[in-house]
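# Observations on the model geometry
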Amino acid sequence: METLDANYWENRYKSSDDPWDLGVVSPPIKAYFDQIKDKSLRILIPGGGNSYEAEYLFNSGFKNVYVVDFAETALNTIASRVPNFPKVQLIQSDFFELNMEFDVIVEQTFFCALDPKLRSAYVKHTNYLLSKNGMLVGLLFNKPLNESHPPFGGHKNLYQNLFEPAFEILTMEDCYNSIDSRVGKELFFKFLKK
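For every chain, the first residue of its written sequence is number 1, and the numbers climb from 1 along that sequence. In view of the model being predicted, local features appear only for residues whose pLDDT reaches at least 70, and side-chain atom pairs are presented and counted only at 80 or more, with totals across whole chains, interfaces and linings using the full set of residues. To obtain the side-chain values, all non-hydrogen atoms of the structure were included, while hydrogens and water were left out.

Before going further, it helps to examine the sheet that holds strand 3 (residues 90-92). By this definition, two strands are paired if DSSP reports at least two bridges between them. Comment: elements are numbered from the N terminus, with helices defined as DSSP H or I runs of at least four residues and strands as E runs of at least two. Read across the open sheet, the seven strands follow the order 3-2-1-4-5-7-6; overall the sheet is mixed. Two strands bound the open sheet, and with one partner strand each, they are strand 3 and strand 6 (167-174). Within this sheet the neighbouring strands show an average axis-to-axis angle of 15°, counted without direction. As paired elements, strand 1 (residues 43-46) and strand 2 (residues 65-69) share four bridges and run parallel to each other. Opposite Ile43, over in strand 2, you have Val65 as the bridge partner. Contacting strand 2 and strand 3, helix 4 (residues 72-81) runs over the sheet at an angle of about 165° to strand 3. Contacts were defined at the residue level, with two residues in contact if any of their heavy atoms lie within 4.5 Å. Every axis in this analysis is a line fitted to C-alpha atoms, fitted for helices over the stretch in contact. Angles between the N-to-C directions lie between 0 and 180 degrees. Against the sheet, helix 6 (residues 156-163) engages strand 5 (130-141), strand 6 and strand 7 (186-193), with an angle of about 170° to strand 6.

Right, here's the structure in full:
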């Protein structure tokens, strides 16, 4: 398997090789955002890429939104699309080196982009980054995908076993509002930090 490092992701964005990019905020995540009342929450979108989710939150009045990504090109795209987005909140870094605290972490195609060997580390680090009563919320693919390159898939039982030691599983169910190409393939979840 190719090394999924900063160069790999930077090259993918530079060549517009980003089939996961919807060009808009994902409908299930938008529906979740629309019911959040507290706009002061500190929200992280790891591996955020072009991050239409960050743009949507910021334009909806959430000012404590952070994006971390390996790829400078992706972060520059957000900065040019949303010029008022604070540059210090667009963090070019390895997610696993991030040392901040957040109330909500939004999962949107980052988990499936990670080498599956890093999944346990992802669970541990998201738990570490969350404040007391913090939430990990988002989408996971509920189907087998690729074995040698991203996106890497999975299934509900695998995710339950992986996340339950660190999180209380509040919701993990089939999406009712996925985009057409992902209908029947996504789970929406809300996990509470233990």
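That was the structure; now back to the text.
Looking now at the side chain of Asp115. Structurally, Asp115 can be placed in the loop between strand 4 (102-107) and helix 5 (119-129). Any pair of N or O atoms that falls within 3.5 Å is considered a polar contact. Within protein, one atom must be able to donate a hydrogen and the other to accept it, and sequence-neighbouring residues count only if both atoms are side-chain atoms. Among the polar contacts listed, one links the side chain of Asp115 to the backbone nitrogen of Lys117, at a separation of 2.9 Å.

Residues are called lining when one of their atoms sits within 4 Å of a cavity or pocket point, these points coming from a 1 Å grid over the protein atoms alone, where a cavity is a set in which a 1.4 Å probe fits but cannot get out and a pocket is an open set with protein on both sides within 12 Å along at least five of seven lines. Grid points are joined across faces, edges and corners, and a volume is the space filled by probe spheres set on the points. Under the criterion given, the structure shown has one cavity of 30 Å³ or more. Taken together, Glu107, Gln108, Thr109, Phe111, Cys112, Leu139, Leu140, Phe141, Arg182 and Glu186 form the lining of the largest cavity. Sort the elements by how many residues they give to the lining of the largest cavity and strand 5 lands first, with three residues. Residue polarity is assigned by list, with Asp, Glu, Lys and Arg as charged and Ala, Val, Leu, Ile, Met, Phe, Trp, Tyr, Cys and Pro as nonpolar; anything else, Gly included, falls into the polar class. A breakdown of the residues in the lining of the largest cavity according to their chemical character gives five nonpolar, two polar and three charged.

Moving on: unusual backbone geometry. Negative phi values dominate among residues other than glycine, just as trans dominates among peptide bonds. The backbone of Ser51 shows a phi angle near 40°, a positive value even though the residue is not glycine. Among the structural elements, Ser51 can be located in the loop between strand 1 and helix 3 (52-59). Partly exposed residues are those whose accessible area sits between 20% and 50% of the maximum for their type, while under 20% is buried and over 50% is exposed, using a 1.4 Å probe and protein chains only. Assessed through its relative accessible area of 2%, Ser51 is described here as buried. Phi is positive for Asn133, which is not a glycine, with a value near 65°.

Glancing now at the layout of surface pockets. Taken as a whole, the second largest pocket encloses approximately 150 Å³ of empty space. Lining the second largest pocket are Pro28, Ala31, Tyr32, Gln35, Glu173, Asp174, Cys175, Tyr176, Asn177, Phe188 and Lys190. Elements represented by at least two residues in the lining of the second largest pocket include exactly helix 2 (27-34), strand 6 and strand 7. With three residues, helix 2 is the single largest residue contributor to the lining of the second largest pocket. Within the lining of the second largest pocket, the residues separate by chemical class into six nonpolar, two polar and three charged.

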